[in-house]
Amino acid sequence: MDGTPVGRRVFFGILGVGAVGVLWGAKAQDWLEKAVAPLVAKDGTGLSAFLPIGRFRIYTVTGDLPSKSHSEYSLKVGGLVDSPFTLTYEALRALPPTKMTKDFQCVTGWRVHEVKWQGVLLGDLLDRAGVKARAKAIRFKSFDGTYTESLTLSQARRKDVIVAYQMEGGDISAEHGGPVRLYVAPMYGYKSIKWLDTIELTDQVEPGYWEHYGYDVDGWVGRSNGRDDNAT
Ligand SMILES: Nc1nc2c(c(=O)[nH]1)N[C@H]1C(S)=C(S)[C@@H](COP(=O)(O)O)O[C@H]1N2
Ligand SMILES: [Mo]
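In what follows, the accompanying structure is described. Counting of residues starts from 1 at the beginning of each chain's written sequence and follows it residue by residue. For naming, the first written chain is A and the first written ligand is 1, with later ones following in the order written. With the structure being a predicted model, the display of local features is reserved for residues of pLDDT at least 70 and the display and counting of side-chain atom pairs for 80 or more, all residues being used for whole-chain, interface and lining totals. Neither water nor hydrogens contribute to the side-chain values; these are computed over all heavy atoms in the structure.

## Here we look at the site of ligand 1
Piece 1. Taken together, 21 residues lie around ligand 1, and Arg57, Tyr59, His176, Arg181 and Lys194 are the ones closest in.
Piece 2. In the analysis that follows, any N or O atom pair within 3.5 Å is treated as a polar contact, provided that within protein one partner can donate a hydrogen and the other can accept it, and provided that, for residues neighboring in sequence, both atoms belong to side chains. Interatomic distance of 2.3 Å between a backbone N/O atom of Arg57 and an oxygen atom of ligand 1.
Piece 3. Here an oxygen atom of ligand 1 sits 2.7 Å away from a polar atom, N or O, in the side chain of His176.
Piece 4. The Shrake-Rupley method, run with a 1.4 Å probe, gives the accessible areas here. Residue values count only the displayed protein chains as cover. Protein chains bury 99% of the 530 Å² of accessible surface belonging to ligand 1 in isolation.
Piece 5. Of the residues assigned to the shell around ligand 1, the class counts are 12 nonpolar, 5 polar and 4 charged. Nearness here has a simple test: a residue counts as near a molecule or strand if at least one of its heavy atoms is within 4 Å of that partner. When residues are sorted by character, Ala, Val, Leu, Ile, Met, Phe, Trp, Tyr, Cys and Pro go into the nonpolar class, Asp, Glu, Lys and Arg into the charged class, and all the rest, Gly among them, into the polar class.

Written out as structure tokens, the structure reads:
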């Protein structure tokens, strides 16, 4: 790894209580797949031992970690709905919770098994807003100011798609997209937008950030992209 010119983009830093994370932007992704992935695979006690949760890697296309406290945070639901609304973090937490234990898999070939998630069914938020008949899709925005994602209405109404506020029994940390991120269990990680703050009903699917770079809009694990051959 000596001499690899990524020091400024990818760094190892203290993120939270004793946890060391890896942070990178889009440009470092190629390097990552070549250099870091084999390192993790080769030495189970090495880099992977320091990752915040299991073998999660921390992704951020903007190159920084936006953060909002619970009191600063709010979630907007709007667009083609009868009654747009904004939820405070407290109000979101007060809604009926959904829990599930499911894998998280990035299309680049890493998977974290049996992650405990808790949040609110996206479908419940849609029902509360009242989806207009001409709405066909959802557009999600992140308070990183750059990342976007989308789902069709029927994908969004699945029982394994949640607006998540807990991972592994604790609050979702800033590096994992807290206070609130999306978790789309049946799809690759890129659909699970971090730092989620806006849910907008639209009349058609608008491809998200990575989809402009060639990933499938319908990111079903095992059925799209053809890139997860190395997943374990
Ligand atoms: N806002 C935002 N959301 C994002 C990303 C990102 O860079 N920015 N990366 C996506 C990708 S490709 C993956 S695999 C997961 C990674 O989640 P993690 O950083 O909690 O491991 O977040 C997804 N959501
Ligand atoms: Mo990913």
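## What about the side chain of Gln166?
Piece 1. For helices the rule is a DSSP run of H or I covering at least 4 residues; for strands it is a run of E covering at least 2, with both sets numbered from the N terminus onward. Mapped onto the elements, Gln166 comes out in strand E10 (residues 161-167).
Piece 2. For the exposure calls, accessible area comes from a 1.4 Å probe over protein chains only, and a residue counts as buried if that area is under 20% of its type's maximum, exposed if over 50%, partly exposed in between. Residue classification places Gln166 among the buried positions, given a relative accessible area of 14%.
Piece 3. With residues up to four places along the chain from it excluded, the contact list for Gln166 reads Arg93, Lys116, Trp117, Gln118, Asp171 and Ile172. Whether two residues touch is decided by their heavy atoms; if any such pair falls within 4.5 Å, the residues are in contact.

## Comments concerning the pairing of strand E13 (residues 196-202)
Piece 1. Among the 7 residues in E13, 6 count as buried, and that is most of the element.
Piece 2. In this description, strands pair whenever DSSP reports at least two bridges between them. Sheet analysis places strand E4 (residues 74-79) next to E13, joined by 4 bridges and oriented parallel. When the sheet's bridge partners are listed, Lys76 is paired in E13 with Thr198.
Piece 3. Here 6 bridges tie strand E8 (residues 137-142) to E13, and the two strands are oriented antiparallel to one another. Within E13, the residue paired with Ile138 across the bridge is Leu201.

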